[in-house]
Every structure is written in structure tokens, then in C-alpha cells.
Amino acid sequence: MVAILIHGIVLYVSYLTTYIINNWLEWSLTPILAFTGIFIVAYLVIWAIIYSIIKSNTAILNESIRICNFIGNSVNNQKNFEYVPDEFALRFANYNKLITLLYSAINHCGIADGEIKELAVLAERELIKQLRNDALQDKICEEFKQKGILHMVLKGTETRRFYPEHLMRTSNDIDIY
């Protein structure tokens, strides 16, 4: 708060001095008071906007951290009943491709599917997509094998089997070398 006050004073003195030296502002009480009033109002409005943006972003960041902690605790077999994901959690997980992890964490904590029906639908869609990828990968690998083409499956679909749960590692494509 002190830094903002110092910033405001330095800015005010700089502007006022510049306006008076360049004769943009008359050296009398009324213009200086008008300038001072306008400056204070504009300065406060700007900082109010900055404050509201920072407060909003901080709230989003804190909620995101809570969601990640919830998922992380589940992965580490720690049940977290203090946090119940809401609409924001669903949007955050969907945007960041964490739907299956959030769904798994919720199931791990024993929250009923009925309470999170939309999440269950999104997780089911992700599961279907992963099963399609797996089937397509198997088909491609089988054709390569039949034709004697050396190949190796990389990343997501192959590394998934090393995770504690199948859907902890999702993928959107198939990487074959």
C-alpha cells in the first residue's frame, strides 16, 4: 500500500510540474485543485480495476490449486473429503484435459456419480476416445507386423500401462515410430 501511495505522489508531482512548466495548466488554486481532483479520481479508478483483476485471477489460481491438490491426493491414495468439486472444477478440468483424473479422484473419495452427472458423461466420452485410440493402435500395429514393418509405439497409449489407473494418462493421438 505504501508503494502505491509513493507511486501516486511521484506521478502526481511529475505530471503537475510538467503541466505547469509547459503552461498547460495555469498557476492558480482553482486549476491546480481541479487537476488534483481529476488525478486522484483517475488514479483510484485505475488501481480499483487493477485490484479487481488481480483478485479475480488470484481466486481462479487458488481454486485451480485446490483442484490439483484434490487430484494429487487421490493419486497418492489420500482421501480428501474437505473439497467437493463444483462447476468451476469441471470447466477447469475439461479445459486442461484433467476430466478423467478429476473423475477418478471423485470416485476415490466416494462421491456419488449422481452429484456429478456432467463429469461422468465427460469422463465416459474420454474413456471411449481412449478405447478407440487403443483399438486403432492395435489394428495399425497388427498390420505393420503382418507386413514385416518394424515399429515401436511411443508416449501416451504405451506408457499408460505404467500408471496406477488406466485413465491417468490420456492421449489424443497415436505415436508410432
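Residues numbered from 1 in each chain as written. Predicted model: local features only at pLDDT ≥ 70, side-chain atom pairs only at ≥ 80, totals over all residues. Heavy atoms only, no water.

**Q** Could you give me a rundown of the overall build of the protein, with the residues and numbers involved?
**A** Helix and strand counts for the protein come out as six helices and two strands. For the protein, the succession of helices and strands along the chain, N to C, is α-α-α-α-α-β-α-β. Relative to its length of 177 residues, the protein is extended, with a C-alpha radius of gyration of 29 Å against a globular reference of 16 Å. Its C-alpha atoms give the protein principal-axis dimensions of about 90 × 45 × 25 Å. Put simply, the protein has 177 residues, and 32% of those count as buried. Long-range contacts, defined as pairs at least 24 residues apart, comprise 51% of the intrachain contacts of the protein with a sequence gap of at least 6. Carbon and sulfur atoms make up 63% of the accessible area of the protein, which totals about 12500 Å². (Helix = DSSP H or I, 4+ residues; strand = E, 2+ residues; numbered from the N terminus. Rg over C-alpha atoms; globule rule 2.2 N^0.38 Å. Buried < 20%, exposed > 50% of the residue type's maximum accessible area, 1.4 Å probe, protein only. Contact = heavy atoms within 4.5 Å. Areas by Shrake-Rupley, 256 points an atom, 1.4 Å probe, with all protein chains shown as cover.)

**Q** Lay out the packing of helix α2 (residues 29-75) against helix α3 (residues 87-95) in plain terms, naming residues and giving numbers.
**A** As a packed pair, α2 and α3 sit with axes 10 Å apart at the nearest point and diverge in direction by 80°. Accordingly, the angle class assigned to the pair α2 and α3 is roughly perpendicular. In this structure, α2 contributes Ile60, Glu63, Ser64, Ile67 and Cys68 to the contact, and α3 contributes Phe88, Ala89 and Phe92. Across the contact of α2 with α3, the residue classes tally to six nonpolar, one polar and one charged. (Axes fitted to C-alpha atoms, helices over the stretch in contact; angles between N-to-C directions. Parallel < 35°, antiparallel > 145°, perpendicular 65-115°, else oblique. Nonpolar A, V, L, I, M, F, W, Y, C, P; charged D, E, K, R; others polar.)

**Q** Any details on the pattern of salt bridges? Residues and values, ideally.
**A** Across all of its chains, the model carries one salt bridge by this definition. Its salt-bridge partner being arginine 66, residue glutamate 63 comes within 3.0 Å of it at the nearest N-O pair. Taken together, the positions of glutamate 63 and arginine 66, both in helix α2 and three residues apart, correspond to about one turn of that helix. A relative accessible area of 41% places arginine 66 in the partly exposed class. (Salt bridge = Lys/Arg side-chain N within 4 Å of Asp/Glu carboxyl O.)

**Q** Any chance you could break down the confidence of the model for the protein for me, citing the residues and the numbers?
**A** One rule of thumb: low pLDDT means the predicted coordinates there are not for detailed reading. Residues at a pLDDT of 70 or more form 91% of the protein, whose mean pLDDT is 83. Taking the mean pLDDT of every element in the protein, the minimum, 72, falls on helix α6 (residues 156-159) and the maximum, 92, on helix α1 (residues 2-21). (pLDDT = per-residue confidence, 0-100.)

**Q** Describe a nonpolar patch on the surface, with residues and values.
**A** Among the surface-exposed residues, Val41, Val45, Ile49 and Ile53 lie close enough to one another that they form a single nonpolar patch of about 350 Å² accessible area. Looking at where isoleucine 53 falls in the secondary structure, it is placed in helix α2. Look at isoleucine 53 and you get partly exposed, because its relative accessible area is 47%. (Patch = residues over 30% accessible without salt bridge, like charges linked within 9 Å, V, L, I, M, F, W, Y side chains within 5 Å.)

**Q** Would you mind going over the packing of aromatic side chains in detail, with residue names and values included?
**A** To describe a pair of aromatic rings, one takes the distance between the centres and the angle between the planes. Summed over all chains, the structure comprises 10 aromatic pairs. Centre to centre, the rings of tyrosine 19 and phenylalanine 35 are 5.3 Å apart; their planes meet at 45°, and the pair counts as tilted. On the criterion of sequence distance, the pair formed by tyrosine 19 in helix α1 and phenylalanine 35 in helix α2 is long-range, its members being 16 residues apart. Here phenylalanine 88 and phenylalanine 92 contribute two aromatic rings whose centre-to-centre distance is 6.1 Å and whose plane-to-plane angle is 20°, an arrangement assigned as stacked. Note that phenylalanine 88 and phenylalanine 92 are positioned in helix α3 at a spacing of four residues, about one turn of the helix. Ring-pair connections join several aromatic residues into one group, and the members of that group are Tyr12, Tyr15, Tyr19, Trp24, Phe35, Phe39, Tyr43 and Trp47. (Phe/Tyr/Trp six-rings, centres within 6.5 Å; stacked < 30°, edge-to-face > 60°.)

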